[in-house]
Amino acid sequence: MNRQFIQRIQIHWDKIDKYSYLRQISAIKNLRSMEFRKPITFFVGENGSGKSTMLEAIAVAAGFNPEGGTKNYSFSTYDSHSQLCDAVKIIRGARREGWGYFLRAESFYNVATQEEEYTKDIPVPSEELHKKSHGESFLSIAQKHFRQNGLYFLDEPEAALSPQRQLTLLMEIDRCAKEESQFIIVTHSPILLGIPGAEILSFDEGGVHVCAYEDTDSYQVTEIFMNHREQLLKRLLEN
């Protein structure tokens, strides 16, 4: 039985301009729907494959600010999100999330700044994210906002984290997923991708498809580098 908050999305391409760059992205240009069957879904693929664009569109369609934060965040530093959010229709399950967060690496500075502004007018102390390292800020967000029955969108959360801290984040995600939260995550991290029971959707090879952990580029490139480092570097650097 599917107990996810977001069970499926539909994409209505008639709401997207016929000259939009979205129609040129191989992975999504023929996509009409996508299902979410597991508490944790990963989007993987090469840079420019459309995975972050898709994550952003779903998050915005679900009510989150394009730059990130909780649903209570309403600000715009630079309006850069695509038309795709207007074309995405979310098919929800019977349950409703009690909390949520959209964490994206590229605009986290803006969210941290806005958090300080919001707390000036309410009797809640600021998290003072700017006074922490980038990695510490990411983890503090996870440890404060990841709760049971939550809906979370994470865009490259490993960007600021050491391998050890990625393992910490992995445990936080796994803990919340077991408490009936739902995660949709874009990542290149072979550590995060190793969470047991997650579904991995690849945006490579011209379309979105289910992918085994061992078949991801993140795993394969890391495995080759770790086990055949000298040969690989010799071939790359000599050429």
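About the criteria used
- Residues numbered from 1 in each chain as written.
- Predicted model: local features only at pLDDT ≥ 70, side-chain atom pairs only at ≥ 80, totals over all residues.
- Heavy atoms only, no water.
- Helix = DSSP H or I, 4+ residues; strand = E, 2+ residues; numbered from the N terminus.
- Buried < 20%, exposed > 50% of the residue type's maximum accessible area, 1.4 Å probe, protein only.
- Areas by Shrake-Rupley, 256 points an atom, 1.4 Å probe, with all protein chains shown as cover.
- Core = buried A, V, L, I, M, F, W, Y, C linked by side-chain atoms within 4.5 Å.
- Contact = heavy atoms within 4.5 Å.
- Pairing = 2+ DSSP bridges.
- Axes fitted to C-alpha atoms, helices over the stretch in contact; angles between N-to-C directions.

Caption draft 1: The overall build of the protein chain, seen in detail. Per the secondary structure count, the protein chain includes seven helices and nine strands. Every one of the 239 residues in the protein chain was classed for burial, and the buried ones make up 48%. Split by element, the accessible area of the protein chain, about 12,600 Å² in all, is 49% carbon and sulfur.

Caption draft 2: Structural view of the nonpolar core. Residues Ile9, Ile28, Phe43, Met54 and Phe153 are the most contacted members of the largest nonpolar core, which totals 34 residues. At the level of secondary structure, the elements contributing two or more residues to this core comprise strand S1 (6–11), helix H1 (51–61), helix H2 (84–87), strand S4 (88–92), strand S6 (150–155) and strand S7 (182–186). Examining the composition of this core, we find that six residues originate from one element, H1, more than from any other. Beyond its immediate sequence surroundings of up to four residues, Phe153 is in contact with Ile6, Leu55, Ile58, Ala59, Ala62, Phe64, Tyr101, Phe102, Leu103 and Ile184. Among the nonpolar cores identified, the runner-up in size contains 26 residues, and Tyr101, Ile141, Tyr152 and Leu161 belong to it.

Caption draft 3: Spotlight on the environment of Arg96. For Arg96, the location among the structural elements is in the loop between S4 and strand S5 (99–104). Using a relative accessible area of 54% as the deciding quantity, one classes Arg96 as exposed. In this structure, the C-alpha to C-alpha distance between Arg96 and Gly150, residues 54 residues apart in sequence, is 8.8 Å.

Caption draft 4: Layout of the side chain of Thr41. Position of Thr41 among the secondary structure elements: in strand S3 (residues 40–44). Its relative accessible area of 0% is what places Thr41 among the buried residues. Not counting residues up to four positions away in its chain, the partners in contact with Thr41 are Phe36, Phe183, Ile184, Ile185, Glu199 and Leu201.

Caption draft 5: Region of the structure containing H1. With nine of 11 residues buried, H1 lies mostly within the body of the structure. Following H1 by one or two positions, Gly63 adopts a phi angle in the positive range, close to 110°.

Caption draft 6: How the structure looks around the sheet that holds S6. If you walk across this open sheet you meet the six strands as S5-S6-S7-S3-S8-S9, and the pairing is mixed. If you trace the sheet from one side to the other, it starts and ends with S5 and strand S9 (209–210), each paired once. With four bridges connecting them, S3 and S7 associate as parallel partners. Across the sheet, the residue bridging to Ile40 is Phe183, located in S7. Across the sheet, H1 touches S3, S5, S6 and S7, and the angle it forms with S6 is around 150°. In this fold helix H5 (residues 163–178) packs onto S3, S6 and S7, with an angle of close to 145° to the strand it touches most, S7.

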